[in-house]
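Geometric and topological summary
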Amino acid sequence: MAFLFNIFMRTVSAKTDNYLVWVSAIMFASYYFSDLFHDLSSGTEIYFTWFIYDLLTLLVVLFPLLFKRRLNLILKPASIYIFIGLIVNAILFLAMFIDMNLLGNREPWLLWSIYSFTVNAVDYAMIITLIIGRDWLGLIRLARYVYSRALKSEAKHEARTEQCAHIVLHA
């Protein structure tokens, strides 16, 4: 859905970001093939298959960033949302695989509830992000704010340390 929307918007020149079209095409292909081959993996091994698909998708989406300057790519907030979404989903798929296959849990517990809610919420967030193409949850703004506060706090700490050293040396 997001891929078709991005292709349409690119065609009518409303969107000029080729990277988001690339990302949405890769996401479409990944989800299509992982669902297409879902029957080949029977049982709980599907979580490991989905983990691998998300890692491969992440690598394919990140690949053009290696040539960022040559391709004149700008890392947009939408791309960061997709990276975070794929990483969160991959971690949850791996956790479910470990829980069910390696630990042998068969009774639902907190991890299963977190998995059920979070994977669906993250998938919808990635779709919305690919359609909207911006920082619609304010996560990038929040990260920048926290980072700037941390830098200011570190600068204050260094200034206090210098004051203390100056007092100790001149006392």
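Further up the page is the structure itself.
The notes below deal with the structure included here. These figures come from a predicted structure and were not determined experimentally.

For the chain, the helix and strand inventory stands at 7 helices and 0 strands. Each helix (α) and strand (β) of the chain, taken in turn from the N terminus, gives the series α-α-α-α-α-α-α. Per-residue burial for the chain yields a buried fraction of 32% across its 171 residues. Taking the intrachain contacts of the chain between residues at least 6 apart in sequence as the baseline, contacts between residues at least 24 apart amount to 67%. Summed over its atoms, the accessible surface of the chain is roughly 11,700 Å², and 68% of this surface lies on carbon and sulfur atoms.

A cluster of nonpolar residues, Tyr 124, Ile 127, Ile 128, Ile 132, Trp 136, Leu 137, Leu 139, Leu 142, Tyr 145 and Val 146, forms a patch on the protein surface that exposes about 930 Å² of accessible area. Mapped onto the nonpolar patch, the elements with two or more residues apiece are helix 6 (110–132) and helix 7 (139–170). Among the structural elements, Leu 139 can be located in helix 7. Judged by relative accessible area, Leu 139 falls into the partly exposed class, the value being 41%.

Quick look at the side chain of Ser 79 now. Mapped onto the elements of the fold, Ser 79 is located in helix 5 (residues 77–102). Those residues within four positions of Ser 79 in sequence are excluded, and the remaining contacts are Tyr 19 and Leu 20.

Between helix 2 (residues 18–36) and helix 6, the shortest axis-to-axis distance is 10 Å and the interhelical angle comes to 145°. In this structure, helix 2 crosses over helix 6, and the sense of that crossing is left-handed. On helix 6, the residues that touch Leu 20, Val 23, Ser 24, Met 27 and Tyr 31 of helix 2 are Asp 123, Met 126 and Leu 130. In terms of residue class, the contact of helix 2 with helix 6 is built from 6 nonpolar, 1 polar and 1 charged.

Bringing the packing of helix 5 against helix 6 into the picture now. Packing of helix 5 against helix 6 leaves a shortest axis separation of 9 Å and a crossing angle of 155°. If you check the angle between helix 5 and helix 6, you find them roughly antiparallel. For the element pair helix 5 and helix 6, the recorded crossing hand is left-handed. Looking at the contact of helix 5 with helix 6 residue by residue, the classes come out as 18 nonpolar, 4 polar and 2 charged.

Residues Val 23, Met 27 and Ile 82 are the most contacted members of the largest nonpolar core, which totals 15 residues. Sorting the residues of this core by element identifies helix 2, helix 3 (46–62), helix 5 and helix 6 as the ones contributing at least two each. At 5 residues, helix 2 tops the list of elements feeding residues into this core. Excluding its chain neighbours within four sequence positions, the residues that come into contact with Val 23 are Val 61, Ile 82 and Leu 130. Judged by nonpolar contacts, the second largest core, of 14 residues, contains Phe 51, Leu 92, Leu 111 and Trp 112.

Thresholds applied
- Residues numbered from 1 in each chain as written.
- Predicted model: local features only at pLDDT ≥ 70, side-chain atom pairs only at ≥ 80, totals over all residues.
- Heavy atoms only, no water.
- Helix = DSSP H or I, 4+ residues; strand = E, 2+ residues; numbered from the N terminus.
- Buried < 20%, exposed > 50% of the residue type's maximum accessible area, 1.4 Å probe, protein only.
- Contact = heavy atoms within 4.5 Å.
- Areas by Shrake-Rupley, 256 points an atom, 1.4 Å probe, with all protein chains shown as cover.
- Patch = residues over 30% accessible without salt bridge, like charges linked within 9 Å, V, L, I, M, F, W, Y side chains within 5 Å.
- Salt bridge = Lys/Arg side-chain N within 4 Å of Asp/Glu carboxyl O.
- Axes fitted to C-alpha atoms, helices over the stretch in contact; angles between N-to-C directions.
- Left-handed = near helix turned anticlockwise from the far one by under 90°.
- Nonpolar A, V, L, I, M, F, W, Y, C, P; charged D, E, K, R; others polar.
- Parallel < 35°, antiparallel > 145°, perpendicular 65-115°, else oblique.
- Core = buried A, V, L, I, M, F, W, Y, C linked by side-chain atoms within 4.5 Å.

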